[in-house]
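# An overview of the molecular structure
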Amino acid sequence: MELTREEQAILDGESGEGAQKAIELVVALGRIYGAEGLVDITSAHLSGASYKTIGDGGLQYLEDMVRSGSKVKVPSTLNPIGMDMKRWKEMHIPPEFAERQLRIVSLYRSMGVKTTCSCTPYTGDNVPRFGDHVAWAESSALSFVNSYIGARTNREGGPGALAAAILGKTANYGLHLDRNRAPTVIIEADIDGSLFQHSLLGQAVGVRIGSRIPYYKGIRPGVEEAKTMAAAMAASGSVAMFHVEGITPEAERYDISELETVHIGRREIEEAREKLNSTDDVELIALGCPHLTDKEMHEIASLLKGKKKKGDTEIWFCTSETVRDRCSEDVKVMEQFGPVIADTCMVVAPIEGTFSRTGTNSCKAANYLPTLCSQRVMCQDITELLKVIQ
Ligand code: F3S
């Protein structure tokens, strides 16, 4: 792997310990994956932020990074953490968890990371442009920016993305290169246009194709549909990029005439839904995986307007602080039913301490809730879920 003179100097420790550690990790990854060199990045999005998922070992790692003088060189945002930084008490979070979680956030902040803590930073806090090389962790977000925006990132892990952010460079391999962004299978989709059906489509496709790059025909996803599909495909398979005919910016670049075609229709969608459901009675309904956009906030508020909450089932609406601030009128309506929480989500918060049965309209959440949160799951369309509390 070829390094420039400047990169070699960083590797030799001439720019300090923090930069040296960062380049060591980026170069090691590059060697494993056969990169020829490094490439400049314009932004990073970091995961590994919830105390629930990184624990004391992760906290210690971040303390070491800060002690070694590490600072990010490019605009960098942070994925959801284990709680709403301001409203954690409403989420039944133990104080000792909150104290460690806030420490993690302050460590990221002292490295220069913008701690808005959302998995949809591309809606406002961190928006790559077409052709940008970036280093993003968070499987749904990186797939969205690769596919819907045409930025370029591999499926980074938390430490790799942080190292790239500190260096301002990542290893140039995989989805940074044209040749690896070509579709490898055609998906002929036959679904109705609802958000939930797009999530189920992503679920069925991920299971079917693993880590291949699908080229969709038959759908016209907007931002919300694309983000829920991206999330589901990344969770049920490990899809990091997709194309949609007539919609995504690189869809028409590649010759698809020889590709295998897979049909996903009503039967496959129903099978996907059935496999994700393990209860019809829930204690918590959690919406916003990935985090709710402004449009979704307006839609949910209009579904709830004029209605009254019934029963004991709690409801959380998960979004970013940026969107929560922008949608204050919707928030007033939604808060009559449950908290609009920012910075976190139903999967990375320690909900297993309080709940055992959760409803969601996201197949990504439905994949992870049983294993990461010990939940039985109701995975349904939003209108079905909201019937439980109205
Ligand atoms: Fe985001 Fe949490 Fe879902 S990080 S994509 S809301 S599992």
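Residues numbered from 1 in each chain as written. Predicted model: local features only at pLDDT ≥ 70, side-chain atom pairs only at ≥ 80, totals over all residues. Heavy atoms only, no water.

### Observations regarding the domain arrangement of the protein chain
If you check the domain split of the protein chain, you get domain 1 (5-177), domain 2 (182-274) and domain 3 (277-387). The distance between the C-alpha centroids of domain 2 and domain 3 comes to 24 Å. Opposite the 16 residues of domain 2 that make contact, domain 3 presents 16 residues. For the domain 2 and domain 3 pair, buried surface summed over both sides reaches about 1300 Å², with 51% attributable to carbon and sulfur atoms. Residue Lys227 is joined to Glu296 by a salt bridge in which the shortest nitrogen-to-oxygen separation is 2.9 Å. For the pair domain 2 and domain 3, the number of links is eight residue pairs in polar contact (both at pLDDT 80 or more). Elements supplying a minimum of two residues to the side of domain 2 that touches domain 3: helix H7 (195-209), helix H8 (223-236) and helix H9 (266-276). In terms of residues, the side of domain 2 that touches domain 3 owes the most to one element, H8, which gives eight residues. Tallied by class, the residues present in the side of domain 2 that touches domain 3 amount to seven nonpolar, five polar and four charged. (Domains from an automatic or database assignment. Contact = heavy atoms within 4.5 Å. Buried area = accessible area lost by both parts, 1.4 Å probe. Salt bridge = Lys/Arg side-chain N within 4 Å of Asp/Glu carboxyl O. Polar contact = N/O pair within 3.5 Å; in protein donor to acceptor, adjacent residues only side chain to side chain. Helix = DSSP H or I, 4+ residues; strand = E, 2+ residues; numbered from the N terminus. Nonpolar A, V, L, I, M, F, W, Y, C, P; charged D, E, K, R; others polar.)

### Considerations on empty space enclosed by the protein
According to the stated counting rule, one finds one cavity of 30 Å³ or more in the structure shown. For the largest cavity, the calculated volume is near 50 Å³. What lines the largest cavity is Val26, Leu29, Asn154, Glu156, Gly160, Thr170, Ala171 and Tyr173. At the level of secondary structure, the elements contributing two or more residues to the lining of the largest cavity comprise helix H2 (17-33) and strand S5 (169-171). Here the lining of the largest cavity is built from residues that sort into four nonpolar, three polar and one charged. (1 Å grid on protein atoms, 1.4 Å probe; cavity = no way out; pocket = protein on both sides within 12 Å on 5 of 7 lines; lining within 4 Å. Points joined across faces, edges and corners; volume = space filled by probe spheres on them.)

### So, the layout of surface pockets
Taken as a whole, the largest pocket spans an internal volume of roughly 510 Å³. What lines the largest pocket is a set of 27 residues, and nearest its centre among them are Ser47, Asn79, Glu138, Val348 and Lys364. For the lining of the largest pocket, the elements supplying multiple residues, two or more each, are helix H5 (139-149), strand S10 (284-292) and helix H13 (363-373). Of all the elements, H13 adds the most residues to the lining of the largest pocket, at four residues. Two domains each donate at least three residues to the lining of the largest pocket, and these are domain 1 (5-177) and domain 3 (277-387). Size it by volume and the second largest pocket reaches roughly 330 Å³. Of all the secondary-structure elements, those providing two or more residues to the lining of the second largest pocket are H7, H8, S10 and helix H10 (294-304). Among the residues forming the lining of the second largest pocket, the class breakdown is nine nonpolar, seven polar and seven charged. Domain assignment of the residues forming the lining of the second largest pocket places at least three in each of domain 2 (182-274) and domain 3 (277-387).

### As for the pattern of salt bridges
In this structure the tally under the stated criterion is 30 salt bridges. In this structure, Lys169 and Glu7 form a salt bridge, with 3.1 Å as the shortest nitrogen-oxygen distance. Remark: Glu7 occurs in helix H1 (residues 5-11) and Lys169 occurs in strand S5; sequence separation between them is 162 residues. Look at Lys169 and you get buried, because its relative accessible area is 12%. Assessed through its relative accessible area of 3%, Glu7 is described here as buried. Here Glu138 and Lys364 are joined by a salt bridge, their closest N and O atoms 3.0 Å apart. One end of the pair, Glu138, is in the loop between strand S4 (135-136) and H5; the other, Lys364, is in helix H13, with 226 residues separating them in the sequence. The class of Lys364 is buried, set by a relative accessible area of 11%. Among the ionic contacts, a cluster of salt bridges with common partners joins Arg152, Asp178, Arg181, Glu250 and Arg253. (Buried < 20%, exposed > 50% of the residue type's maximum accessible area, 1.4 Å probe, protein only.)

### Quick notes on the state of the cysteines
Across all of its chains, the model carries zero disulfides by this definition. Its sulfur unpaired, Cys327 is 15 Å from the next cysteine sulfur, which belongs to Cys318. (Disulfide = S-S within 2.5 Å.)

### Section: the nonpolar core
Membership of the largest hydrophobic core comes to 104 residues, with the highest contact counts inside it found for Leu46, Tyr108, Leu201, Tyr216 and Met346. Here the element with the most residues in this core is helix H6 (residues 158-167); it accounts for seven residues. When sequence neighbours within four positions are dropped, the list of residues in contact with Tyr108 reads Leu46, Ser47, Gly48, Ala49, Leu62, Leu78, Val113 and Thr115. (Core = buried A, V, L, I, M, F, W, Y, C linked by side-chain atoms within 4.5 Å.)

### What about the packing of H5 against H8?
Two numbers describe how H5 lies on H8: the axes approach to 8 Å, and their chain directions differ by 125 degrees. It follows that H5 is oblique to H8 by the angle criterion. Once H5 is placed against H8, the crossing between them reads as right-handed. Side by side, H5 and H8 meet where Ser139, Ser140, Ser143, Phe144 and Tyr148 of the first sit next to Val223, Ala226, Lys227, Ala230, Ala231 and Ala234 of the second. Of the residues contributing to the contact of H5 with H8, the split by class is seven nonpolar, three polar and one charged. (Axes fitted to C-alpha atoms, helices over the stretch in contact; angles between N-to-C directions. Parallel < 35°, antiparallel > 145°, perpendicular 65-115°, else oblique. Left-handed = near helix turned anticlockwise from the far one by under 90°.)

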